[in-house]
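So you can see what is in the structure, the chains are spelled out below.
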Amino acid sequence: MPNNNLIITETIKIVGLGGQGVVTTAALLARAAFHQGWWSQSMPFFGVERTGTPVEAYIRLAHKPIHTHQPIEHPNILLINDHNLYNPKKLGRKLTIVNNPNVNLYQLKPTLLIYDSQQVSSFIFNKNLAIGLLGALSACWPLIEEKNWLKAIKEQFINQEVVQKNWQVFIANYELATKLINKTHD
Amino acid sequence: MTKNISNNAQKLFLKGSEAIARTVANCQPRVIAAYPITPQTGIIEELVRLKTQRQANFSFIQTESEHSALSVVLGAAAMGVPTYTATSSQGLLHMAEVIYNLPGLRLPVVMTCANRSISAPINIWNDHQDAMAVRDAGWIMLWAENIQEAIEQHWLAFILSQKLRLPVMVNVDGFRLTHASEPVILPQAKLIHKLLTNKIKPVLDINQPQTTGWFALPEVYHRQRLSLRKFIAASWPIISQTTNNFNALWEPIKHALENTNPATAGYQGTATHYYGPEKPDTLIIAMGSIVGELRDIVQQHKIASQKTGILKVQIYRPFPGDEILSYLNKASKIIVIDRAPGLGAQPPLFSDIKSCLPAGYNKKIVSTIIGLGGDIKLKEIDKITKTMNKKI
């Protein structure tokens, strides 16, 4: 799992399919980091993406101003919201979390977590949303405080009902991932 | 002090297009007209959202083309109200006729150009070819490195346009800045209007109908165009005084909220910003967001960072030849990065710099074209920085 410090610029990439909220999730993560007191940046790769086709977004977190606006090719942390985009040869340097609703048994290695992250958002929103992966990320990498995640979700979605539903998805995935990690440690 | 600062400005996490829109809304233009084109659209969408939520008060006219959009703000500016529009790429080219009209009529308009490549082939990503196509039309042209600078330059653009009675184009790299989200310090309307009066003398009055920009015979036309040229060339004292006042008011507030030290942020001139040692061996000159990558790469090469300076051109028109020349004299090797090819000629920034060199200037200046159509290869920049200490 990643170290709990930001000596270097932390680089994160989120990949998923158009319509899964990949870009919004990236902005949410950078916003939560901003409330944590860091310099942060989120940026989508834009082009000919559309609903159902691969989309990716990048996040940088640092203790100093971030100057670059380049896409991130090899991130420290990689979040994959659709298992079809998972390539075992292309992993995050420190951590990779993959949503796969087809796995009955989750997989957990020191730098890889594969589990069904979409079950909660499918139940609440009737669709697979990438925000579930942030809950798992906060379990694996508890660097951003809960209050800052909530503040970011409130700012991002504004509408109270939407805020509440997203928070439910986030917390449920946090708890699910925490259980998986603890189970492995047992 | 904290309360005073928070009344003057807010630290927020914003997308580039939202940050620009909120700054424009705080400048309080009365008329906005636009036609959508990516990557500019988000700016106008956010402005309209602010209007519908009654956080901004302006007349919004969605026109049938960019040519009409700029024509509408031209008419509004002639009536003496602050105006704004935004466009990109082909949209800017479609405006070309009106772009030339505005400085000739001495009308103040502020426009964002979310810089994007131009066809053919079709490409939606970022370079500087669109703005470079109209660089000699008589507009004041500003170029932002990051979202924070885009905010500041829009505020400055409204002030300069009204003081000089000239249109101002703020160039913001499309996608790289318009679609990125970052922490920013956003000036509040009250602070903005300490420097911005929004008082524009009208040239048209509906109660006393008359025309403007009328027909001119060759002799009069020639004289008027040369007079405009002379005015723009002689506008530096006004620009310099305006940027000094701007920085004196804004920089302390910004750095207090950012919690950064202005002393480590390089040297801010009137039209340029310099990062690096006092006497650099090599000087790299560039504009826009690529300066961010340059700063990072030079810092990573510790030896190079002791010898390399980066000069960011923030005001491109009028061209700050004297200011740039003062840096050219300090360095022995100069590299100019352009993001437009200059087809059939030299790349534009390189060409401008060469044109202002005095007789006998014998240092070699190298031209590099990087990132056309958005393809900024870090390896290319890295290669430049690695070879910078070798003889050019």
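**Describing the overall build of chain B**
(1) Moving on: Helix and strand counts for chain B stand at 16 helices and 15 strands.
(2) Moving on: Seen through its principal axes, chain B has C-alpha atoms that stretch 70 × 60 × 40 Å.
(3) Moving on: In chain B, which comprises 392 residues, the proportion classed as buried is 48%.
(4) Moving on: At a minimum sequence separation of 6, the contacts of chain B that also span at least 24 residues come to 81%.

**Some points on the sheet that holds strand 2 (residues 31-34) of chain B**
Residue and element names in this part refer to chain B.
(1) Moving on: Read across the sheet, 7 strands follow the order 3-2-4-5-7-6-13 without closing on themselves; strand pairing throughout is mixed. Either end of the sheet is taken by a strand with one partner, and the two such strands are strand 3 (59-62) and strand 13 (315-317). Averaged over neighbouring strand pairs, the angle between their axes works out to 20° when direction is ignored.

**Comments concerning the domain arrangement of chain B**
Residue and element names in this part refer to chain B.
(1) Moving on: Entries for chain B in the domain assignment read domain 1 (2-200 + 214-252) and domain 2 (273-387).
(2) Moving on: The centre of domain 1, based on its C-alpha atoms, is set 25 Å off from the matching centre of domain 2.
(3) Moving on: In this complex, domain 1 contributes 26 residues to the contact, which on the side of domain 2 involves 19 residues.
(4) Moving on: Counting residues per element, the ones that place at least two in the side of domain 1 that touches domain 2 are helix 7 (129-132), strand 6 (140-143), strand 7 (168-173), helix 10 (218-233) and helix 11 (236-258).
(5) Moving on: A breakdown of the residues in the side of domain 1 that touches domain 2 according to their chemical character gives 12 nonpolar, 9 polar and 5 charged.

**Re the sheet that holds strand 10 (residues 272-275) of chain B**
Residue and element names in this part refer to chain B.
(1) Moving on: Spatially, 9-10-12-11-14-15 is the arrangement adopted by the 6 strands of the open sheet, whose pairing is mixed. Lying at the two open borders of the sheet, with one neighbouring strand each, are strand 9 (267-268) and strand 15 (365-369).
(2) Moving on: Here strand 10 runs beside strand 12 (residues 308-313); their pairing, made up of 4 bridges, is antiparallel. Within strand 12, the residue paired with Y274 across the bridge is L311.
(3) Moving on: Packed onto the sheet, helix 12 (residues 290-300) meets strand 10, strand 11 (282-286), strand 12 and strand 14 (333-338) and runs at close to 170° relative to strand 12.
(4) Moving on: Taken strand by strand, helix 15 (residues 348-355) contacts strand 11, strand 14 and strand 15, and its axis lies near 140° from that of strand 14.

Conventions we followed
Residue positions are given per chain, counted from 1 along the sequence in the order it is written. Starting at A for chains and at 1 for ligands, labels are handed out in the order in which the entities are written. Restriction of local features to residues with pLDDT of at least 70 applies here, the model being predicted, together with a cutoff of 80 or more for giving and counting side-chain atom pairs; totals for whole chains, interfaces and linings are based on all residues. Each helix corresponds to a stretch of at least 4 residues labelled H or I by DSSP, and each strand to a stretch of at least 2 residues labelled E; elements are numbered beginning at the N terminus. In this scheme every C-beta is placed from the backbone, and a residue whose C-beta has 20 or more other C-beta atoms within 10 Å is buried, one with 12 or fewer is exposed, and one in between is partly exposed. This entry defines residue contacts through backbone-placed C-beta atoms, with two residues in contact when those atoms are within 7 Å. Criterion used throughout: strands pair if DSSP finds at least two bridges between them. Axis lines are fitted to C-alpha atoms, over the contacting stretch for helices. Their N-to-C directions set the angle, which ranges from 0 to 180 degrees. For the purposes of this description, domain bounds are those given by an automatic or database domain assignment. Under the grouping applied here, Gly and all other residues not named as nonpolar or charged are polar, the nonpolar ones being Ala, Val, Leu, Ile, Met, Phe, Trp, Tyr, Cys and Pro and the charged ones Asp, Glu, Lys and Arg.

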